[in-house]
Structures are given as C-alpha cells and as structure tokens.
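Here is how the chains run, residue by residue.
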Amino acid sequence: MSVRDSRPENDKPERLIAEVRHNRELREKTYRDQALKLYPAICARCGREFSGKKLRELTVHHKDHNHDNNPPDGSNWELLCLYCHDIEHQEYLDQESFGKETSSSRKDTLATYKPFAALEALLKEKKK
C-alpha cells in the first residue's frame, strides 16, 4: 500500500475534528452574539465591565452546564469573565466529584457578618 492510499484514511479523523470544531464555533458565535445583545457587558459574578478588545474576555456561561440548551430568551445564560467562568466550572466539578458545597450552590444563604456595622459610631468618635 502506498503513502497516497493511506493518506485519506489518516485525514478523515482530522477533517471530522475540524468540522466539529467549526460547527461548535458557529453555534457559540450565535448564542454569544445573542447574549451580548440581551445582557450588559458586565461579569455577573465579579461585576467587571468589558468593552472594546477586552470584550473577548467575557464568556457565555450555561447555568445548567448544557451547551445545547440555548433558549432565545437567554434564561440559561449569564455573562462571566474568563476567570469567573473557570471558577464556576471548577466548583461544579468539585461538587460533582466530591459532593462539596460551593459558593454557587449556597446562593440562597444570607450573610450574617456585617463588616460596616460599627462604622457610624467610629466616624462620630473620630469627629469629636
């Protein structure tokens, strides 16, 4: 068997992978554009604002972690910066693997610590 005969077989997986990547990029571009029209260019987790060239650092996160669930109203999306997106997925993996409770799974708990509770008293004391 010559090199020419074996080459198309070797190219087939590469073409398939390239086609899958291309289709994924098209799908992502579609819902990313929709999400950027629906939501302000702000990370939903850390609150950082993005514009210009930095806008590429803002990603679309699927709340249910299903990348095929892309409702047109955007109810399964939130915009996260690259760093917060990585943290969100790491917490999801930790929870899935180790059963750990993460900050995203504790969104309904209320904060009990009030760091500025005595601030008014301190400011009044300082004025005296």
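Residues numbered from 1 in each chain as written. Predicted model: local features only at pLDDT ≥ 70, side-chain atom pairs only at ≥ 80, totals over all residues. Heavy atoms only, no water.

## Details of the nonpolar core
Filter applied, for reference: To form a nonpolar core, buried Ala, Val, Leu, Ile, Met, Phe, Trp, Tyr and Cys residues must be joined to one another through side-chain atoms within 4.5 Å. Categorising residues by exposure relies on relative accessible area from a 1.4 Å probe, with only protein chains included: less than 20% of the type maximum marks a residue as buried, more than 50% marks it as exposed, and the intermediate range marks it as partly exposed. Secondary structure elements are defined from DSSP: runs of H or I of at least 4 residues count as helices, runs of E of at least 2 residues count as strands, and each element is numbered from the N terminus.
Ranked by size, the top nonpolar core spans 11 residues in total: Y31, A35, C43, F50, L58, V60, W77, L79, L80, C81 and C84. Among the secondary structure elements, those contributing two or more residues to this core are α1 (3-38), β1 (58-62) and β2 (77-81). Counting residues per element, this core draws most heavily on β2, at four residues.

## Describing unusual backbone geometry
In this model, H65 sits at a positive phi of 60°, which is unusual for a non-glycine residue. Secondary-structure assignment places H65 in the loop between β1 and β2.

## A few points about helix α2 (residues 82-98)
Put simply, the test is: By definition here, a helix of n residues has an expected span of 1.5 Å times n minus one. A contact between two residues is defined here by any heavy atoms of the two lying within 4.5 Å.
Its 17 residues place the ends of α2 24 Å apart at the C-alpha level, agreeing with the 24 Å of an ideal helix rising 1.5 Å per residue. Those residues of α2 that fall on the buried side of the exposure criterion are C84, H85, E88, E91 and D94. Those residues of α2 that are buried lie in contact with β1 and β2. Count one or two residues on from α2 and you reach G99, which has phi positive near 70°.

## As for the pattern of salt bridges
What counts, and what does not: For salt bridges, the criterion is a side-chain nitrogen of Lys or Arg within 4 Å of an Asp or Glu carboxyl oxygen.
One pass over the full model with this rule turns up five salt bridges. With a shortest N-O distance of 3.1 Å, R45 and E91 are connected by a salt bridge. Placement of R45 in the loop between α1 and β1 and of E91 in helix α2 is noted, with a sequence separation of 46 residues between them. The network of salt bridges with shared partners includes R45, E88 and E91.

## Brief notes about the pairing of β2
For clarity, the cut-off: Should DSSP find at least two bridges between two strands, the strands are regarded as paired.
For β2, a buried count of five out of five residues is recorded, marking the element as mostly surrounded by other parts of the structure. Burial of β2 is two-sided: the residues W77, L79 and C81 facing one way and the residues E78 and L80 facing the other way are all buried. Pairing geometry for β1 and β2, over five bridges, is antiparallel. Looking at β2, one finds that V60 is bridged to L79.

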